[in-house]
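Residue-level structural notes
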Amino acid sequence: MLGVCYYPEHWDEARWETDARRMVELGIRFVRIGEFAWSRLEPARGQFAFEWLDRAMDILARAGLKIVLGTPTATPPKWLVDECPDIIPYDKDGKPRGFGSRRHYTFSSENWWKESKRIVEIVAERYGNHQGLVGWQTDNEYGCHDTIISWGPEDLKAFKRWLRMRHQTPDQLNEAWGSVFWSMELTSFDDVALPNLTVTEPNPAARLDFWRFHSDQVAAYDKMQCDIIRKHSPGRWITHNFMGFILDFDHFKVGDNLDLASWDSYPIGFVEKFPFSEAERNRWAETSHPDIAPFHHDLYRAVGNGRFWVMEQQPGPVNWAPWNPVPKPGMVRLWTWEAIAHGAEVVSYFRWRQATFAQEQMHAGLNLAGLDELSPGGIEAQRVAQELASLGTLPDTRKARVALVFDYQSYWTTVIQPQAKDFRFEELCFRWYEAARRLGLDIDFVRPGASLEGYGLVLVPCMTEVDEAAHAALKAASGTILIGARTGSRDRNFRIPENLPPGSLSEMTGNRVIQVSTLRPGLSDPVSGIVAGSGIRWREHLQTDVEVLSTFAHGDPALTKKDNVYYLACWPDKNLLAATMRHVATNADIPIVEVPDHIRIRTRGDLTFAFNYGDSPWSVPACCELVLGEPILAPQELSVFRFTR
Amino acid sequence: MLGVCYYPEHWDEARWETDARRMVELGIRFVRIGEFAWSRLEPARGQFAFEWLDRAMDILARAGLKIVLGTPTATPPKWLVDECPDIIPYDKDGKPRGFGSRRHYTFSSENWWKESKRIVEIVAERYGNHQGLVGWQTDNEYGCHDTIISWGPEDLKAFKRWLRMRHQTPDQLNEAWGSVFWSMELTSFDDVALPNLTVTEPNPAARLDFWRFHSDQVAAYDKMQCDIIRKHSPGRWITHNFMGFILDFDHFKVGDNLDLASWDSYPIGFVEKFPFSEAERNRWAETSHPDIAPFHHDLYRAVGNGRFWVMEQQPGPVNWAPWNPVPKPGMVRLWTWEAIAHGAEVVSYFRWRQATFAQEQMHAGLNLAGLDELSPGGIEAQRVAQELASLGTLPDTRKARVALVFDYQSYWTTVIQPQAKDFRFEELCFRWYEAARRLGLDIDFVRPGASLEGYGLVLVPCMTEVDEAAHAALKAASGTILIGARTGSRDRNFRIPENLPPGSLSEMTGNRVIQVSTLRPGLSDPVSGIVAGSGIRWREHLQTDVEVLSTFAHGDPALTKKDNVYYLACWPDKNLLAATMRHVATNADIPIVEVPDHIRIRTRGDLTFAFNYGDSPWSVPACCELVLGEPILAPQELSVFRFTR
Amino acid sequence: MLGVCYYPEHWDEARWETDARRMVELGIRFVRIGEFAWSRLEPARGQFAFEWLDRAMDILARAGLKIVLGTPTATPPKWLVDECPDIIPYDKDGKPRGFGSRRHYTFSSENWWKESKRIVEIVAERYGNHQGLVGWQTDNEYGCHDTIISWGPEDLKAFKRWLRMRHQTPDQLNEAWGSVFWSMELTSFDDVALPNLTVTEPNPAARLDFWRFHSDQVAAYDKMQCDIIRKHSPGRWITHNFMGFILDFDHFKVGDNLDLASWDSYPIGFVEKFPFSEAERNRWAETSHPDIAPFHHDLYRAVGNGRFWVMEQQPGPVNWAPWNPVPKPGMVRLWTWEAIAHGAEVVSYFRWRQATFAQEQMHAGLNLAGLDELSPGGIEAQRVAQELASLGTLPDTRKARVALVFDYQSYWTTVIQPQAKDFRFEELCFRWYEAARRLGLDIDFVRPGASLEGYGLVLVPCMTEVDEAAHAALKAASGTILIGARTGSRDRNFRIPENLPPGSLSEMTGNRVIQVSTLRPGLSDPVSGIVAGSGIRWREHLQTDVEVLSTFAHGDPALTKKDNVYYLACWPDKNLLAATMRHVATNADIPIVEVPDHIRIRTRGDLTFAFNYGDSPWSVPACCELVLGEPILAPQELSVFRFTR
Ligand SMILES: [Zn+2]
Ligand SMILES: [Zn+2]
Ligand SMILES: [Zn+2]
């Protein structure tokens, strides 16, 4: 199903009726509204102006559209910021981040909680039972513009409260953090300082706690909104629209509050933001890399416990990357179908009509700026709507054979202590995901500690702390497990485990990490044996008493195996990663379909979808019955088929 | 005529007499003094010490030198800054910019206006009728060191006043800025915040108004000084010494205050500061690029309404670029003659003698540091003086056949909203200028809205807002017009025009811009047809109902023509730009003389000047009578000739 | 002899006995302790807890270890910072640098001096006569993490006091600084402002004085500690552990306080931090460049007036560089012997056991993290201990034939006024040192003004101010002198000397510098003649009346000679530098042994040490008697031999 994001407050009321009608005509069924409208709902404290929204929702509902209403907390209005300046967040340099854009609040402010409760309650009460309303979105894009971690006085206050809960006494905090090092010992929780602006690096354990604290706050804040909404709006679901590659908080914990997850898919901007090579950036500039959106579809399907939407789908060029190309013709359609193939319930475009003013005026919409005239992206969306209608109900998404354990805390840990400047957790996970998808595999993301039963292959690219639940889940897994370097390298207090990494996994892997060598871009260590390639960036010196499948140049173990558990003792280069993934998938008896770098396939029930992100055609396997598309997959085209043998 | 910048206060009084005599002997006629001498004129509030300046001016005048006196406002002394700390400017991060160098004031401070009026009045009264005085310079190098825009409390106060004038009511301001987006609405002008330090980008309309406000302030401040001077110093002209590539304020508006413009020409430093390629930087490191100084000569001739000086001419290596090479032998002479060829009335060297102390001690002068001994640059200046004397009065500069419309606001707009990281307005204009000069064309700069009558070819590289006057001037133009991409893309409130760009120009061009694609450095879109090459950086998708002369790879229009109006829908690469310029000049029936990249020609009356910036010789056209120089133009040489056929 | 750094406070008391025993077994004789333990010695003001340190020192002493005790001033505890917030340093942007790591104090704070005196006195009194104690270390790594220069209110206060002493009156300060330039004149010392945060660059003379002031403070602060220690701890020596490539203060002046110098040798990190080319970085990533550690051994032997230790020797990978590779097997042993070859009395490893917590947990120790088990580096240290024992007492280090005059102030001067962005004083000195070492030469560092008698060759890469003592020492030198560009270019007040550079050296050299050209990386000026190559970066235009041995492309002098004094008028590229060094060494009759770029030799008494930092073997000269190692020097191996002919 398709949806769209709409801002009635941006357009003359006379146009709403036409807009609603044209949405329905295009094939749109859902419309998200309201998430930035606080200043229009409450122009001054306690002076509410709901009538316009009443009328807008009535018009949309009458046209047959289902409404998703956003709580307006992402944009507190000026009068509120002036009344409660303590809601303002602080950057890492200690500077307040002012009014004039969005997300100008810190989760630590008690006043902010009070005000958020107030406005959410009022909005939920008024619209909770509107006949057009089907669901809610809390806030908007938690974490966008680096807004999880704030470094102000309110944050310090809240951090101290959090630390008191976690560590109980100053002595225990000193012990946990190893404060004896450099005389950093505290005698009371009041002594705690923000872990920024220190002369050299602050204590990594303090930084990790500060990150955990902020992550916890996001989940708690979101839960507060959900609780209020549920009270006033029975029968409606709740979601939040997450972003791509924002790892500053544990999305799984926010997901626990929600009925379904959703995310905002802007594939092209990530070509500049993700650490691709220049060659990759040029290759994928106008289509995006074929795994960027799918990576997130799979991640958010897990965060939503099986259910997800794309809440905002890029419908043309955007405004926020260093360069913003027009997507190649066909890509808006392709991205939409790719989301559906991964199980998206709804793909909702951002936005109905390009704005003619303010920050996002260069962001395309389904309609040209200010006009009632479909943009090129709008025309593609129209085609998808027709195709969707012709296909009827799609089969459900099945459990994949491959699980990828994805751990937000490992991102925090490796940012705090990179040891190699280019040890980028998100890049590592992405490259493992890409390597598996090049084998035609469907992948489920799994949070640490969740059950791994039923998976033929479990991938653990990097999980720095393996807590008891994660350890138990790995022990209980019956499939093949591939564990990456740095896993088990820290305990819960950011300390090296008692008998060296991988700590509690030493028994399962049979290994002990004696030394770690990190390698600058010019250096690598060749790997040979069962799988071959090179180790780059991070390379461990193992002591092992198990089978060694591949070794580094000087004979050290690179890939080991004990029972069903493989351990890869480095950051693998492309060749080593591909070879290892092929080896473990084969070992796990999972059928693979190797695809070129510009082709991806994905199944949903008995349907297989194939997508062409590149410049050369690809032949759909001969054994298939085509449901949509052609047997020769042209550039920017897709085919849907059933395997008949 | 030649001049020089002199600082009597830097040298023992005993040397002034000799200095004046040696200046005259060298052939210097004008001397600029006084612009940094506040602490010597008023060592403490109200305690004036004019005697030294009286004596210095008397000595200079008696030696036969004509004096240009600078108002000393670029360097408020310490006692004044301590008394009135609110004159201190703030940087974009909100940090005050302290005492200890120069230009440490904000144009927004009311105290600063009061103090400026006071000192200018006192100086103008005392020296306004001095027999040696011929003219004044207001302040020094407005905008140098990023000093136009200040982000402090005084600036916010003044900005609110300015906004009240422009927008009348908060509602109209909200409407103009589109404040409804992200709940940024204001209920009073007191709500306005500085458009910096926001969580993500601030509203572009607010930023543009903030820029306009600062630009307006510069013009008003300068006018205040001019009004005082005119009252006390009848019969003397007024100028200001502008800088190169400082686009933070509208120089044309300051020019309106002045009798003539002047600028400070340091060609070599721009090799590092202008966005040249590394190859260009290496090629031009010791000569500068052949269009750097001419671009500004032509610009400031327009700002001065036909009259301009070079107030400071680089006489050797300077101190402020990342690297500071000694210019190739001959370049000081060549630059001087290039300025004269473009109509400079006087070329004044900075400075008479290299200082032995303080910030600019590595900056060459006409004399060696601390000595009465000509530097290599001094010897070249001496030669120019002799050559000038031998040539006698030069003919007047004529109106060119080519006009280049140059719009400061388009710089502000594209900095605020680049959309492509490398969309650099100044680079675009420079490349268009260069392409025209490679065809041997003389060029006049024209401000937006000024008459374009009489020009055979009008170049509009980029004018984001086409206001009524600019529109009318283009409509009235009878010559060929070449309009570049992004022109007409915004209305006066930074909004997209009602029926898409180019807004009011859609009738003249026959085009409508449906989408814009911005392309990273690795990408380009090939153009073929009447002119060929590639589009880079910025590439528009046009709807057109007029003649298409060239197209992009997929058939979209790249160059269109309606009557006398060409529209080029991209940032052209070198080949496309050269081909287009050749095509439109030919179409306009303008005779062209293609020159190699290191040769430039320029006419003044019936004289043609040719300059060799490179390493290989060039033959002066055979049809000429030589007035100066040789028929074979050696490296770093110049020739002056009359076309005889 | 070998030593180790030990932190009893990091480990359970039950392990101390074992640790001490295992140290002695490994062959360690010295143990440094205590330098970060303030919070454990004085957990709250006036509440002392010495018992644990008493016990630890007793255990170490009983085991036969000689103790070096550090004063704990590098890490003031939280309660002290809270009591005296004025001890906090400020960064160049004016931001306070907070508690939470180390070195969070400014030398300018009077409270800090009071508190430092107090704790040093208390510690010195308690332990000054402990039977195990042999020496003291003051503080820890002055200058690490950019902690010499602080930009806060306490610093301004102390700077004013210092200026009053140096300049006596505001008029003399104005004259010295050339404050008349840009009206920067002051009327009282209270007018002085910090030389940061100015609109454009501050006065270089002010910056230099600010730097000198901070440098002086370090020496005075260190002397204060030394005076207290000497009073309470008779018969014990004092050292400080300096760092590599920290040039922010004059180490020679601190050295004047000490009985011996020591430094902390982390060769691999400098591969990333020193301005090597990428090719060099890849080549030396796992061994370090062969001159990095030796350069400092020779420097600190001079700072210690002939006596030095390596107080902290890298024993494996560290944690603080962008990448931290494991050193190649053999390198820990090689580095240790290289230090000994250069005269180190003791090489002390950092640290006994890798920490499992806090900032340096990824820093290797002689034992694995948290364990009683030697690391690979520990095993190499063990081997060195055995080899040292087998060799017995080593002969003394002899005076070298080559002196390199090393002047900290020239670093400050060229940072303040680079004129070429890549004029890096430390790189210049390092390259001259490297070129001499490639000829097999031993080198002594000499401070400016110290006697140069007895040296066959004196190298002066760059000494911007040549004061009377330095001038006299050069005049008195009988050896060959090679003077580099920019020497003598400034007087004591950062002014250009009266008759141009090289000022007072113009008579010795016969030269006068008319112009300076600085060249961007793509440019160079070829040099031919007696020595050939190219000038890069900095190239002087000389007037000379002496012998010209080599010239630049256009005939200007590049290398001149007057009597025993050579002057090289540029930054030499590799070829020119090698040729020049060979020429002057030959001229000085010093025997040379050219070695490949990965081999270095060094003599100590009648022993010659050879080291192989590379991948290919090298044959020890045939004329030798081997004392240690093989005649074919394998990669990462060393040999010790006596020349027998
Ligand atoms: Zn969004
Ligand atoms: Zn100037
Ligand atoms: Zn250290």
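All values derive from a computational prediction rather than experimental measurement. (Residues numbered from 1 in each chain as written. Chains lettered and ligands numbered in written order. Predicted model: local features only at pLDDT ≥ 70, side-chain atom pairs only at ≥ 80, totals over all residues. Heavy atoms only, no water.)

1. Remarks on the overall build of chain A
Condition: Strands are runs of DSSP state E lasting at least two residues, helices are runs of H or I lasting at least four, and both sets are numbered from the N terminus onward. Within these notes, the globule rule equals 2.2 Å times the number of residues to the 0.38 power, and the radius of gyration is based on C-alpha atoms. Per-residue accessibility, obtained with a 1.4 Å probe over protein chains only, is compared with the maximum for each type, and a residue is labelled buried under 20%, exposed over 50%, and partly exposed between these values. Contact between two residues is taken to exist if any of their heavy atoms lie within 4.5 Å; hydrogens are not considered. For the area figures, the Shrake-Rupley method with a 1.4 Å probe applies, and any residue is considered shielded solely by the protein chains shown. The positive count covers Lys and Arg only, the negative count covers Asp and Glu only, and His and the chain ends enter neither. We put the charge of a Lys on NZ, of an Arg on CZ, of an Asp on CG and of a Glu on CD.
Regarding its fold elements, chain A presents 19 helices and 26 strands. Since a compact globule built from 645 residues should have a radius of gyration of about 26 Å, the 25 Å found for chain A is in line with a globular shape. Seen through its C-alpha atoms, chain A measures out along the principal axes to roughly 75 × 70 × 40 Å. Per-residue burial over chain A gives 69% buried out of 645 residues. In chain A, the proportion of contacts linking residues at least 24 apart, taken out of those at least 6 apart, comes to 70%. Summed over its atoms, the accessible surface of chain A is roughly 20,400 Å², and 49% of this surface lies on carbon and sulfur atoms. Here chain A carries 69 positive and 84 negative side-chain charges, and the mean point of each set is 1 Å from the other.

2. Details of the interface of chain B and chain A
Note the threshold: Here a salt bridge means any side-chain nitrogen of Lys or Arg lying within 4 Å of a carboxyl oxygen belonging to Asp or Glu. Pairs of N or O atoms are called polar contacts if they sit within 3.5 Å, as long as, within protein, a hydrogen donor faces a hydrogen acceptor (for residues adjacent in sequence, only side-chain-to-side-chain pairs).
Taken together, the contact between chain B and chain A spans 47 residues of the former and 55 residues of the latter. Where chain B packs against chain A, one counts four salt bridges. For the interface between chain B and chain A, the tally reads 25 residue pairs in polar contact (both at pLDDT 80 or more). Tallying contributions element by element places strand β14 (residues 511-518) of chain B first for the side of chain B that touches chain A, with six residues.

3. A few points about the coordination of the zinc ion (ligand 2)
Tetrahedral metal sites with four donors have an ideal angle of 109.5 degrees; octahedral sites with six donors have ideal angles of 90 or 180 degrees. Residues and elements named next belong to chain B. Going by this rule: Each metal's donors comprise the N, O and S atoms found within 2.8 Å of it (within 3.2 Å for Na, K or Ca). Water is not part of the atom list, so some coordination spheres may appear incomplete.
Looking at the zinc ion (ligand 2), one finds its protein donor set to be Glu 141 (OE) and Glu 312 (OE), positioned 2.3 to 2.4 Å from the metal centre. Of this pair, Glu 141 sits in the loop between β4 (133-137) and α6 (153-167) while Glu 312 sits in strand β8 (residues 308-313), placing them 171 residues apart in sequence. Exposure remark for Glu 141: the relative accessible area of 3% places this residue in the buried category.

4. A closer look at the nonpolar core
Put simply, the test is: Here the nonpolar core consists of buried residues drawn from Ala, Val, Leu, Ile, Met, Phe, Trp, Tyr and Cys, with membership extended through side-chain atoms lying within 4.5 Å.
Core analysis: the biggest nonpolar cluster contains 597 residues, and Trp 337 and Phe 406 of chain A, Phe 406 of chain B together with Trp 337 and Phe 406 of chain C have the highest contact counts within it. The contacts of Phe 406 of chain C, once residues within four sequence positions are left out, are Leu 247, Phe 252, Phe 295, Leu 299, Phe 425, Cys 429, Phe 445, Val 446, Arg 447 and Pro 448 of chain C.

5. Thoughts on the sheet that holds strand β22 (residues 607-612) of chain A
Residue and element names in this part refer to chain A. This is how it is decided: One requirement defines pairing of two strands: DSSP has to find at least two bridges between them. Here an axis means a line fitted to C-alpha atoms, over the contact stretch when the element is a helix, while the angle between two N-to-C directions is reported on a 0 to 180 degree scale.
Across the sheet, which stays open at both edges, the four strands sit in the order β21-β22-β26-β24 with antiparallel pairing between neighbours. Looking at the sheet topology across the chains shown, the edges are occupied by β21 (599-604) and β24 (624-628). Recorded for the sheet is a direction-independent mean angle of 30° between the axes of neighbouring strands. Judged from the six bridges that link them, β21 and β22 form a sheet pairing that is antiparallel. If you follow Arg 602 over to β22, its bridge partner there is Phe 609. Docked against the sheet, helix α13 (residues 331-341) engages β21, β22, β24 and β26 (638-643), running at close to 150° with respect to β22.

6. Focus on the interface of chain A and chain C
Rules: Values labelled buried area give the accessible surface lost by two parts on being combined, using a 1.4 Å probe and summing over both.
Residue-level contacts link 47 residues of chain A with 55 residues of chain C. Together, the buried faces of chain A and chain C total about 4,400 Å²; carbon and sulfur atoms form 56% of this surface. Taken as a group, Trp 182, Val 199 and Arg 520 of chain A account for 20% of the area that chain A buries against chain C, more than any other trio of residues on that side. Taken together, the links from chain A to chain C amount to four salt bridges.

7. What about the packing of aromatic side chains?
By convention here, two paired aromatic rings are described through the distance between centres and the angle between planes. The condition that has to hold: Each pair of aromatic rings taken from Phe, Tyr and Trp, with Trp reduced to its six-membered ring, is defined by centres within 6.5 Å and is described as stacked if the planes are under 30 degrees apart, edge-to-face if over 60, and tilted in the remaining cases. Working rule: Lys NZ or Arg CZ, within 6 Å of ring centre, within 35 degrees of ring normal, means a charge sits over the ring.
The full count for this structure, using the stated rule, is 165 aromatic pairs over all chains. Judged by centre distance (4.9 Å) and plane angle (40°), the ring pair of Trp 151 of chain A and Phe 210 of chain A falls under tilted. Placement of Trp 151 of chain A in the loop between β4 (133-137) and α6 (153-167) and of Phe 210 of chain A in helix α8 (residues 204-232) is noted, with a sequence separation of 59 residues between them. The exposure class assigned to Trp 151 of chain A is buried, which follows from its relative accessible area of 9%. Ring centres 6.1 Å apart and planes at 15° place the aromatic pair Trp 211 of chain A and Trp 412 of chain A in the stacked group. Residue Trp 211 of chain A is located in helix α8, and its partner Trp 412 of chain A is located in helix α15 (residues 408-416); the two are separated by 201 residues in the primary sequence. When the ring centre of Trp 11 of chain B is taken as origin, the NZ or CZ atom of Arg 353 of chain B, which lies over that ring, is 4.5 Å away. Directly above the aromatic system of Phe 423 of chain B lies the positively charged group of Arg 486 of chain B, at a separation of 4.5 Å from the ring centroid.

8. Some words on the relation of the copies chain A and chain C
Applicable threshold: Copies are brought into register by a least-squares superposition over C-alpha atoms of residues with pLDDT of at least 70 in both.
By a simple turn and slide, chain A fits onto chain C: the slide is 0.0 Å along the axis, the RMSD is 0.0 Å, and the turn is 120°. Expressed as an axis order, the relation between the two copies is that of a three-fold axis.

9. A few points about the side chain of Ser 639 of chain A
All names here are of chain A. Mapped onto the elements, Ser 639 comes out in strand β26. At 2.7 Å, the side chain of Ser 639 and the backbone oxygen of Glu 630 are in polar contact. Setting aside residues up to four positions removed in sequence, Ser 639 forms contacts with Thr 608, Phe 609, Ala 610, Val 620, Leu 626, Leu 628, Gly 629, Glu 630 and Leu 633.

10. Brief notes about the packing of α6 of chain A against helix α7 (residues 170-177) of chain A
Residue and element names in this part refer to chain A. Rule in force here: Roughly parallel means an angle under 35 degrees; roughly antiparallel, over 145; roughly perpendicular, 65 to 115; everything else is oblique.
Relative to each other, α6 and α7 sit at 85°, their axes nearing to 9 Å. Classified by the angle between their axes, α6 and α7 sit roughly perpendicular to one another. Counting all contacts with α6, which are made through Phe 159, Leu 163 and His 167, the residues of α7 involved are Gln 172, Leu 173, Ala 176 and Trp 177.

11. Quick notes on the domain arrangement of chain A
Residues and elements named next belong to chain A. How we decide: Each domain's extent is set by a domain assignment, obtained either automatically or from a database.
Domain boundaries assigned for chain A yield domain 1 (2-148 + 217-391), domain 2 (154-204), domain 3 (402-587) and domain 4 (599-643). Placing the centre of domain 1 and that of domain 4 at their C-alpha centroids yields a distance of 30 Å. The interface of domain 1 with domain 4 comprises 26 residues on the first partner and 14 residues on the second. When domain 1 packs against domain 4, close to 1,800 Å² is buried across both sides, 59% of that on carbon and sulfur atoms. Linking domain 1 to domain 4 there are four salt bridges. A salt bridge links Lys 328 to Asp 615; its shortest N-O distance comes to 2.9 Å.

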